[in-house]
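# Structure assessment
Below, each chain spelled out in residue letters.
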Amino acid sequence: MISDRVLNMEESATLAMAAKARELKEQGNNVISLSLGEPDFKTPAHICEGAKAAIDEGKYFAYPPVNGYKDFRDAIAKKLREENNIKEATGEHIVVSNGAKQSIANMMMAIVNPGDEVIIFAPYWVSYSTLVSLPGGTPVFVSAGIDKDFKVTADQVEKAVTKKTKAILFSSPCNPTGAVFNQSELEAIADVAKKHDLLVISDEIYEHINYEGKHFSIASIPGMFERTVTVNGFAKGFAMTGWRVGYICAPLNIAKAANKIQGQITSANCSIAQRAGLVAIESDLTPTFDMVKAYQKRRDLVYKLLSDLPGFKVNMPTGAFYFFPDVCHYFGTSDGETQIKDASDLCLYILAKAHVSLVEGGSFGEPNCIRLSYAASESDLREAVSRIKVVLEKLH
Ligand code: PMP
(Lines give C-alpha, C1' and ligand atoms only; values in the text may rest on other atoms or scores of the structure.)
Protein backbone atom coordinates (compact mmCIF):
# COMPACT_ATOMS: atom_id res chain seq x y z
CA MET A 1 0.00 0.00 0.00
CA ILE A 2 2.67 2.50 1.05
CA SER A 3 5.11 3.78 -1.59
CA ASP A 4 8.77 2.76 -1.59
CA ARG A 5 9.52 6.46 -1.40
CA VAL A 6 8.01 6.67 2.06
CA LEU A 7 9.13 3.23 3.18
CA ASN A 8 12.72 4.20 2.41
CA MET A 9 12.42 7.61 4.04
CA GLU A 10 13.98 8.32 7.42
CA GLU A 11 11.65 9.67 10.07
CA SER A 12 12.73 13.06 11.43
CA ALA A 13 14.92 12.07 14.41
CA THR A 14 14.29 15.33 16.22
CA LEU A 15 10.51 14.97 15.95
CA ALA A 16 10.72 11.29 16.95
CA MET A 17 12.69 12.15 20.10
CA ALA A 18 10.30 14.99 20.92
CA ALA A 19 7.38 12.53 20.62
CA LYS A 20 9.08 10.09 23.06
CA ALA A 21 9.68 12.94 25.52
CA ARG A 22 6.03 14.01 25.22
CA GLU A 23 4.90 10.44 25.97
CA LEU A 24 6.98 10.36 29.17
CA LYS A 25 5.62 13.79 30.14
CA GLU A 26 2.04 12.60 29.65
CA GLN A 27 2.78 9.80 32.10
CA GLY A 28 3.44 12.50 34.71
CA ASN A 29 7.26 12.71 34.52
CA ASN A 30 9.09 16.01 34.75
CA VAL A 31 10.85 15.83 31.39
CA ILE A 32 13.21 18.57 30.25
CA SER A 33 13.10 18.70 26.50
CA LEU A 34 16.30 19.84 24.82
CA SER A 35 15.65 17.98 21.59
CA LEU A 36 13.84 20.52 19.40
CA GLY A 37 15.07 23.69 17.73
CA GLU A 38 12.25 25.62 19.34
CA PRO A 39 12.87 29.08 20.85
CA ASP A 40 11.40 29.22 24.36
CA PHE A 41 10.54 32.89 23.82
CA LYS A 42 7.10 34.05 22.73
CA THR A 43 6.62 35.80 19.40
CA PRO A 44 7.16 39.53 20.15
CA ALA A 45 3.85 41.26 20.97
CA HIS A 46 3.99 43.81 18.13
CA ILE A 47 4.12 40.95 15.59
CA CYS A 48 1.07 39.28 17.16
CA GLU A 49 -0.74 42.64 17.18
CA GLY A 50 0.05 43.07 13.48
CA ALA A 51 -1.48 39.67 12.75
CA LYS A 52 -4.62 40.50 14.78
CA ALA A 53 -5.01 43.81 12.92
CA ALA A 54 -4.74 41.94 9.62
CA ILE A 55 -7.56 39.60 10.66
CA ASP A 56 -9.70 42.55 11.76
CA GLU A 57 -9.13 44.35 8.47
CA GLY A 58 -11.08 41.51 6.89
CA LYS A 59 -9.08 41.76 3.67
CA TYR A 60 -6.96 38.68 3.94
CA PHE A 61 -9.50 35.87 3.57
CA ALA A 62 -8.74 35.03 -0.08
CA TYR A 63 -5.94 32.97 -1.63
CA PRO A 64 -2.75 35.04 -1.67
CA PRO A 65 -0.50 34.92 -4.76
CA VAL A 66 1.37 31.58 -4.76
CA ASN A 67 4.79 33.18 -4.19
CA GLY A 68 3.51 35.52 -1.45
CA TYR A 69 2.01 39.04 -1.26
CA LYS A 70 3.95 41.55 -3.34
CA ASP A 71 4.48 44.01 -0.47
CA PHE A 72 5.86 41.18 1.68
CA ARG A 73 8.20 39.95 -1.06
CA ASP A 74 9.36 43.50 -1.73
CA ALA A 75 10.06 44.01 1.99
CA ILE A 76 12.05 40.77 2.13
CA ALA A 77 14.06 41.84 -0.93
CA LYS A 78 14.75 45.24 0.65
CA LYS A 79 15.98 43.53 3.83
CA LEU A 80 18.26 41.29 1.76
CA ARG A 81 19.67 44.27 -0.12
CA GLU A 82 20.21 46.38 2.98
CA GLU A 83 21.10 43.88 5.71
CA ASN A 84 22.65 41.07 3.70
CA ASN A 85 24.21 43.15 0.94
CA ILE A 86 22.48 41.04 -1.74
CA LYS A 87 22.17 43.99 -4.10
CA GLU A 88 20.37 42.22 -6.95
CA ALA A 89 17.44 40.98 -4.82
CA THR A 90 13.94 42.12 -5.87
CA GLY A 91 10.47 40.89 -4.94
CA GLU A 92 10.48 38.78 -8.13
CA HIS A 93 13.35 36.68 -6.76
CA ILE A 94 11.45 35.81 -3.58
CA VAL A 95 9.13 32.84 -3.00
CA VAL A 96 7.44 32.72 0.40
CA SER A 97 6.66 29.24 1.69
CA ASN A 98 5.24 27.34 4.62
CA GLY A 99 8.51 27.49 6.57
CA ALA A 100 12.11 27.20 5.39
CA LYS A 101 11.63 23.43 5.31
CA GLN A 102 9.15 23.76 2.46
CA SER A 103 11.46 26.27 0.78
CA ILE A 104 14.23 23.65 0.71
CA ALA A 105 11.84 20.89 -0.41
CA ASN A 106 10.59 23.09 -3.29
CA MET A 107 14.16 23.84 -4.20
CA MET A 108 15.21 20.22 -4.42
CA MET A 109 12.21 19.38 -6.57
CA ALA A 110 13.00 22.38 -8.73
CA ILE A 111 16.64 21.54 -9.45
CA VAL A 112 17.34 17.83 -8.87
CA ASN A 113 16.97 15.20 -11.58
CA PRO A 114 17.39 11.51 -10.68
CA GLY A 115 21.10 10.77 -10.36
CA ASP A 116 22.16 14.36 -9.67
CA GLU A 117 24.51 14.77 -6.73
CA VAL A 118 24.14 17.42 -4.05
CA ILE A 119 27.11 18.03 -1.76
CA ILE A 120 25.92 18.41 1.84
CA PHE A 121 28.25 19.70 4.56
CA ALA A 122 28.19 17.29 7.51
CA PRO A 123 27.13 17.49 10.27
CA TYR A 124 23.96 18.72 8.60
CA TRP A 125 20.38 19.57 9.47
CA VAL A 126 18.36 16.33 9.65
CA SER A 127 16.06 16.93 6.70
CA TYR A 128 18.65 17.79 4.05
CA SER A 129 19.52 14.27 3.09
CA THR A 130 15.89 13.14 2.75
CA LEU A 131 14.93 16.26 0.80
CA VAL A 132 17.73 15.57 -1.71
CA SER A 133 16.82 11.87 -1.99
CA LEU A 134 13.08 12.44 -2.51
CA PRO A 135 13.35 13.74 -6.10
CA GLY A 136 15.94 11.02 -6.84
CA GLY A 137 19.10 12.97 -6.01
CA THR A 138 22.16 11.53 -4.31
CA PRO A 139 23.38 13.29 -1.18
CA VAL A 140 27.19 13.40 -1.06
CA PHE A 141 28.44 14.17 2.43
CA VAL A 142 31.60 16.12 3.10
CA SER A 143 32.41 16.10 6.81
CA ALA A 144 34.36 18.10 9.33
CA GLY A 145 34.62 16.82 12.91
CA ILE A 146 34.71 18.57 16.25
CA ASP A 147 38.50 19.11 16.00
CA LYS A 148 37.90 21.25 12.91
CA ASP A 149 35.09 23.11 14.67
CA PHE A 150 32.78 21.25 12.28
CA LYS A 151 33.80 23.48 9.37
CA VAL A 152 34.16 21.86 5.96
CA THR A 153 36.79 23.53 3.76
CA ALA A 154 36.63 24.58 0.12
CA ASP A 155 39.37 21.99 -0.64
CA GLN A 156 37.15 19.21 0.68
CA VAL A 157 34.27 20.46 -1.45
CA GLU A 158 36.49 20.60 -4.53
CA LYS A 159 37.51 16.96 -4.00
CA ALA A 160 33.87 15.85 -3.76
CA VAL A 161 32.80 17.44 -7.05
CA THR A 162 32.02 15.02 -9.90
CA LYS A 163 30.37 15.44 -13.30
CA LYS A 164 27.04 14.76 -11.62
CA THR A 165 27.33 17.45 -8.93
CA LYS A 166 24.53 19.97 -9.20
CA ALA A 167 24.59 21.91 -5.96
CA ILE A 168 26.14 22.51 -2.55
CA LEU A 169 23.85 22.67 0.48
CA PHE A 170 24.72 23.86 3.98
CA SER A 171 23.53 26.03 6.86
CA SER A 172 25.53 28.83 8.46
CA PRO A 173 25.08 29.39 11.37
CA CYS A 174 24.79 25.62 11.42
CA ASN A 175 22.21 23.35 12.94
CA PRO A 176 23.37 21.08 14.65
CA THR A 177 26.90 22.36 15.36
CA GLY A 178 26.60 26.13 15.83
CA ALA A 179 29.49 26.65 13.36
CA VAL A 180 29.50 29.94 11.45
CA PHE A 181 31.38 30.37 8.17
CA ASN A 182 33.17 33.70 7.83
CA GLN A 183 33.54 35.79 4.69
CA SER A 184 36.86 34.35 3.53
CA GLU A 185 35.70 30.74 4.06
CA LEU A 186 32.56 31.49 2.05
CA GLU A 187 34.60 33.20 -0.68
CA ALA A 188 36.70 30.06 -1.05
CA ILE A 189 33.56 27.92 -1.31
CA ALA A 190 32.08 30.40 -3.82
CA ASP A 191 35.21 30.00 -5.98
CA VAL A 192 34.65 26.23 -6.13
CA ALA A 193 30.99 26.77 -7.07
CA LYS A 194 31.96 29.18 -9.86
CA LYS A 195 34.75 26.95 -11.15
CA HIS A 196 32.46 23.92 -11.46
CA ASP A 197 29.27 25.80 -12.35
CA LEU A 198 27.41 24.67 -9.23
CA LEU A 199 24.41 26.10 -7.47
CA VAL A 200 24.78 27.00 -3.78
CA ILE A 201 21.84 26.56 -1.44
CA SER A 202 22.66 28.63 1.59
CA ASP A 203 20.37 28.08 4.57
CA GLU A 204 20.62 31.21 6.70
CA ILE A 205 17.68 30.69 9.04
CA TYR A 206 19.93 31.30 12.09
CA GLU A 207 21.46 34.48 10.66
CA HIS A 208 20.51 36.59 13.67
CA ILE A 209 21.77 34.08 16.21
CA ASN A 210 25.42 34.79 15.60
CA TYR A 211 27.75 35.61 18.51
CA GLU A 212 30.78 36.42 16.39
CA GLY A 213 29.82 39.52 14.52
CA LYS A 214 27.81 40.30 11.45
CA HIS A 215 26.22 37.57 9.38
CA PHE A 216 27.70 37.17 5.90
CA SER A 217 25.62 35.96 2.94
CA ILE A 218 27.39 34.03 0.19
CA ALA A 219 24.98 35.54 -2.39
CA SER A 220 26.54 38.96 -1.70
CA ILE A 221 29.87 37.85 -3.25
CA PRO A 222 30.26 39.27 -6.76
CA GLY A 223 29.10 36.73 -9.35
CA MET A 224 27.26 34.56 -6.80
CA PHE A 225 23.71 35.94 -6.98
CA GLU A 226 22.97 34.05 -10.19
CA ARG A 227 24.08 30.74 -8.69
CA THR A 228 22.83 31.05 -5.09
CA VAL A 229 19.53 30.25 -3.46
CA THR A 230 19.40 32.01 -0.10
CA VAL A 231 16.98 30.23 2.24
CA ASN A 232 15.66 32.00 5.29
CA GLY A 233 12.63 32.21 7.55
CA PHE A 234 11.09 33.80 10.61
CA ALA A 235 11.05 30.77 12.93
CA LYS A 236 14.29 31.27 14.84
CA GLY A 237 15.18 34.97 14.81
CA PHE A 238 11.63 36.12 15.60
CA ALA A 239 10.47 33.14 17.72
CA MET A 240 7.80 32.28 15.13
CA THR A 241 8.23 28.54 14.59
CA GLY A 242 4.48 27.86 14.60
CA TRP A 243 3.61 30.64 12.16
CA ARG A 244 5.37 28.73 9.39
CA VAL A 245 6.92 31.46 7.26
CA GLY A 246 10.05 30.83 5.23
CA TYR A 247 11.37 32.09 1.92
CA ILE A 248 13.97 31.79 -0.79
CA CYS A 249 15.74 34.44 -2.76
CA ALA A 250 16.78 32.78 -6.02
CA PRO A 251 17.68 33.56 -9.62
CA LEU A 252 14.46 34.19 -11.57
CA ASN A 253 14.27 30.84 -13.39
CA ILE A 254 14.67 28.96 -10.08
CA ALA A 255 12.18 31.22 -8.27
CA LYS A 256 9.68 30.53 -11.07
CA ALA A 257 10.28 26.77 -10.82
CA ALA A 258 9.74 26.84 -7.03
CA ASN A 259 6.58 28.87 -7.57
CA LYS A 260 5.29 26.32 -10.11
CA ILE A 261 5.84 23.42 -7.70
CA GLN A 262 4.32 25.25 -4.76
CA GLY A 263 1.32 26.21 -6.92
CA GLN A 264 0.56 22.54 -7.51
CA ILE A 265 1.28 21.24 -4.03
CA THR A 266 0.26 23.77 -1.35
CA SER A 267 -0.45 27.16 -2.95
CA ALA A 268 0.56 30.20 -0.94
CA ASN A 269 1.62 30.46 2.66
CA CYS A 270 -1.18 31.43 5.09
CA SER A 271 -2.29 35.04 4.53
CA ILE A 272 -2.22 36.09 8.20
CA ALA A 273 1.19 34.50 8.80
CA GLN A 274 2.50 36.58 5.89
CA ARG A 275 1.10 39.77 7.44
CA ALA A 276 2.85 38.84 10.70
CA GLY A 277 6.08 38.27 8.75
CA LEU A 278 5.75 41.70 7.15
CA VAL A 279 5.46 43.35 10.58
CA ALA A 280 8.47 41.36 11.81
CA ILE A 281 10.64 42.36 8.88
CA GLU A 282 9.68 46.02 8.95
CA SER A 283 10.03 46.55 12.69
CA ASP A 284 12.92 47.29 14.98
CA LEU A 285 15.04 44.22 15.71
CA THR A 286 15.53 44.97 19.42
CA PRO A 287 13.40 41.99 20.62
CA THR A 288 15.47 39.71 18.37
CA PHE A 289 18.74 41.06 19.73
CA ASP A 290 17.47 40.69 23.29
CA MET A 291 16.78 37.02 22.58
CA VAL A 292 20.24 36.62 21.08
CA LYS A 293 21.81 38.12 24.21
CA ALA A 294 19.90 35.61 26.32
CA TYR A 295 21.02 32.72 24.07
CA GLN A 296 24.63 33.85 24.36
CA LYS A 297 24.43 33.88 28.15
CA ARG A 298 23.00 30.36 28.07
CA ARG A 299 25.64 29.21 25.61
CA ASP A 300 28.38 30.36 28.00
CA LEU A 301 26.65 28.65 30.91
CA VAL A 302 26.06 25.37 29.09
CA TYR A 303 29.64 25.35 27.75
CA LYS A 304 30.90 25.40 31.33
CA LEU A 305 28.41 22.79 32.50
CA LEU A 306 29.04 20.37 29.61
CA SER A 307 32.82 20.80 29.80
CA ASP A 308 32.60 19.53 33.39
CA LEU A 309 30.90 16.29 32.33
CA PRO A 310 33.46 13.49 32.26
CA GLY A 311 33.92 12.00 28.78
CA PHE A 312 32.19 14.85 26.95
CA LYS A 313 34.25 16.58 24.26
CA VAL A 314 32.73 20.00 23.72
CA ASN A 315 33.51 22.83 21.32
CA MET A 316 32.32 26.41 21.56
CA PRO A 317 29.51 27.11 19.08
CA THR A 318 29.55 30.59 17.54
CA GLY A 319 25.95 30.68 16.31
CA ALA A 320 22.49 29.04 16.46
CA PHE A 321 21.43 27.51 19.81
CA TYR A 322 22.87 24.00 19.90
CA PHE A 323 25.78 22.10 21.41
CA PHE A 324 27.01 19.04 19.58
CA PRO A 325 29.37 17.26 21.99
CA ASP A 326 31.29 14.10 21.11
CA VAL A 327 30.23 11.37 23.54
CA CYS A 328 31.91 8.30 22.06
CA HIS A 329 33.71 7.82 25.40
CA TYR A 330 30.49 6.16 26.61
CA PHE A 331 30.11 3.69 23.74
CA GLY A 332 30.60 0.16 25.09
CA THR A 333 29.70 1.09 28.69
CA SER A 334 26.82 -0.18 30.82
CA ASP A 335 25.11 0.61 34.13
CA GLY A 336 24.78 -3.11 34.82
CA GLU A 337 21.40 -3.31 33.05
CA THR A 338 21.52 -1.11 29.96
CA GLN A 339 24.25 -1.46 27.34
CA ILE A 340 25.29 1.74 25.58
CA LYS A 341 26.43 0.81 22.08
CA ASP A 342 26.05 4.17 20.42
CA ALA A 343 24.74 7.74 20.68
CA SER A 344 21.16 6.60 20.16
CA ASP A 345 21.41 4.24 23.18
CA LEU A 346 22.96 7.04 25.22
CA CYS A 347 20.12 9.45 24.38
CA LEU A 348 17.50 6.80 25.21
CA TYR A 349 19.30 6.02 28.48
CA ILE A 350 19.46 9.72 29.43
CA LEU A 351 15.79 10.13 28.55
CA ALA A 352 14.73 7.07 30.55
CA LYS A 353 16.90 7.72 33.63
CA ALA A 354 17.36 11.50 33.74
CA HIS A 355 14.19 12.54 31.90
CA VAL A 356 16.14 14.83 29.60
CA SER A 357 15.58 14.56 25.87
CA LEU A 358 18.48 15.04 23.45
CA VAL A 359 19.00 13.85 19.87
CA GLU A 360 21.57 11.32 18.65
CA GLY A 361 24.08 12.69 16.14
CA GLY A 362 23.82 9.94 13.51
CA SER A 363 20.76 11.57 12.02
CA PHE A 364 22.85 14.73 11.56
CA GLY A 365 25.65 12.74 9.93
CA GLU A 366 27.96 12.41 12.99
CA PRO A 367 27.33 9.23 14.99
CA ASN A 368 29.81 10.12 17.77
CA CYS A 369 27.86 13.19 18.84
CA ILE A 370 24.58 14.16 20.44
CA ARG A 371 22.69 17.42 19.99
CA LEU A 372 21.51 19.56 22.87
CA SER A 373 19.34 22.61 22.18
CA TYR A 374 19.88 25.40 24.73
CA ALA A 375 16.72 27.23 23.69
CA ALA A 376 15.48 26.58 27.24
CA SER A 377 15.51 28.47 30.54
CA GLU A 378 18.75 28.72 32.52
CA SER A 379 17.20 26.83 35.41
CA ASP A 380 16.08 23.98 33.12
CA LEU A 381 19.54 23.88 31.53
CA ARG A 382 21.28 23.67 34.94
CA GLU A 383 18.85 21.02 36.16
CA ALA A 384 19.14 19.01 32.92
CA VAL A 385 22.94 18.87 32.97
CA SER A 386 23.05 18.00 36.67
CA ARG A 387 20.60 15.12 36.07
CA ILE A 388 22.68 13.94 33.11
CA LYS A 389 25.81 14.01 35.28
CA VAL A 390 24.20 11.75 37.89
CA VAL A 391 23.17 9.09 35.37
CA LEU A 392 26.48 9.21 33.46
CA GLU A 393 28.31 8.38 36.68
CA LYS A 394 26.58 4.98 36.64
CA LEU A 395 28.08 4.04 33.26
CA HIS A 396 31.29 1.99 33.31
N1 PMP B 1 16.92 24.93 8.28
C2 PMP B 1 17.49 24.70 9.48
C3 PMP B 1 18.97 24.66 9.55
C4 PMP B 1 16.70 24.48 10.61
O5 PMP B 1 17.25 24.24 11.80
C6 PMP B 1 15.28 24.51 10.49
C7 PMP B 1 14.34 24.27 11.66
N8 PMP B 1 14.80 23.50 12.67
C9 PMP B 1 14.75 24.75 9.22
C10 PMP B 1 15.58 24.96 8.15
C11 PMP B 1 13.25 24.77 9.00
O12 PMP B 1 12.70 25.95 9.40
P13 PMP B 1 11.12 26.22 9.37
O14 PMP B 1 10.63 25.99 10.76
O15 PMP B 1 11.01 27.64 8.92
O16 PMP B 1 10.53 25.27 8.39
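This is a predicted model, so every value here is computed, not measured.

Taken together, Gly99, Ala100, Lys101, Trp125, Ser171, Asn175, Asp203, Ile205, Tyr206, Ala235, Lys236 and Arg244 form the complete shell of residues around the ligand. Contacts to the ligand include Ala100, whose backbone N or O atom sits 2.7 Å from an oxygen atom. Here Lys101 contributes a backbone N or O atom positioned 2.9 Å from an oxygen atom of the ligand. In isolation the ligand exposes 400 Å². Once the protein is present, 92% of that is buried. For the shell around the ligand, the per-class residue count stands at five nonpolar, three polar and four charged.

Moving on: the domain arrangement of the chain. Per the domain assignment, the segments of the chain are domain 1 (4–42 + 287–392) and domain 2 (61–282). A separation of 26 Å is found between the C-alpha centroids of domain 1 and domain 2. Counting from both sides, the interface comprises 36 residues of domain 1 and, opposite them, 31 residues of domain 2. Taking both partners together, domain 1 and domain 2 bury about 2,700 Å²; carbon and sulfur atoms supply 62% of that area. Put simply, domain 1 and domain 2 have one salt bridge between them. Between Asp147 and Lys313 there is a salt bridge, and its shortest N-O distance comes to 3.2 Å. At the junction of domain 1 and domain 2, the tally comes to 14 residue pairs in polar contact (both at pLDDT 80 or more).

Another aspect to go through is the packing of helix α4 (residues 70–82) against helix α10 (residues 271–282). Each pair of packed helices can be described by the angle between their axes along with the distance between the axes. The geometry of α4 relative to α10 is characterised by a closest axis approach of 10 Å and an angle of 30° between their N-to-C directions. Between α4 and α10, the interaxial angle falls into the category roughly parallel. Classified by chirality, the crossing of α10 by α4 is left-handed. Judged by residue contacts, Asp71, Phe72, Ala75, Ile76 and Lys79 of α4 engage Gln274, Arg275, Gly277, Leu278, Ile281 and Glu282 from α10. Class assignment for the residues of the contact of α4 with α10 results in five nonpolar, two polar and four charged.

Residue position: Glu204 is located in the loop between β6 (199–203) and β7 (228–233). In this view, Glu204 contacts Asn84, Ser172, His215, Ser217, Ile218, Thr230, Val231 and Asn232; residues no more than four positions away in its chain are not counted.

The next subject is the sheet that holds strand β3 (residues 117–122). In spatial order, the strands read β2-β8-β7-β6-β5-β3-β4; together these seven strands make up an open sheet with mixed pairing. Unpaired on one side and paired on the other, β2 (94–97) and β4 (138–143) mark the two borders of the sheet. Ignoring strand direction, the axes of neighbouring strands in this sheet form an average angle of 20°. Across six bridges, β3 lies against β4 in parallel orientation. Within the sheet, the bridge partner assigned to Ile119 lies in β4 and is Val140.

Rules behind the numbers
Residue positions are counted from 1 within each chain, in the order its sequence is given. Thresholds applied to this predicted model are a pLDDT of at least 70 for local features of residues and 80 or more for the giving and counting of side-chain atom pairs; totals over whole chains, interfaces and linings are not thresholded and use all residues. No hydrogens and no water enter the side-chain calculation; it runs on all heavy atoms of the structure. The nearness test applies per residue and asks whether one of its heavy atoms lies within 4 Å of the molecule or strand. In protein, a polar contact requires one atom able to donate a hydrogen and another able to accept it; more generally it is a pair of N or O atoms within 3.5 Å, and residues adjacent in sequence count only if both atoms are side-chain atoms. Reported accessibility uses the Shrake-Rupley method at a 1.4 Å probe radius. Residues are deemed covered only where the shown protein chains occlude them. Amino acids outside the nonpolar list (Ala, Val, Leu, Ile, Met, Phe, Trp, Tyr, Cys, Pro) and the charged list (Asp, Glu, Lys, Arg) are all regarded as polar, and Gly is one of them. Each domain's extent is set by a domain assignment, obtained either automatically or from a database. We call two residues contacting when some pair of their heavy atoms lies within 4.5 Å. Two parts placed together each lose some accessible area under a 1.4 Å probe, and the buried area is that loss summed for both. By salt bridge we mean one thing: a side-chain nitrogen of Lys or Arg within 4 Å of a carboxyl oxygen of Asp or Glu. Comment: axis = line fitted to C-alpha atoms, over the contacting stretch for helices; angle = value between 0 and 180 degrees taken between N-to-C directions. The helix and strand labels rest on DSSP assignments: H or I over at least four residues marks a helix, E over at least two residues marks a strand, and numbering proceeds from the N terminus. Angular relationships are summarised with four words: roughly parallel below 35 degrees, roughly antiparallel beyond 145, roughly perpendicular across 65 to 115, and oblique for the angles in between. Crossings are sorted by hand: turned counterclockwise from the far helix by less than a right angle, the near helix makes the crossing left-handed, and turned clockwise it makes it right-handed. DSSP bridges decide pairing: two strands pair if at least two such bridges lie between them.

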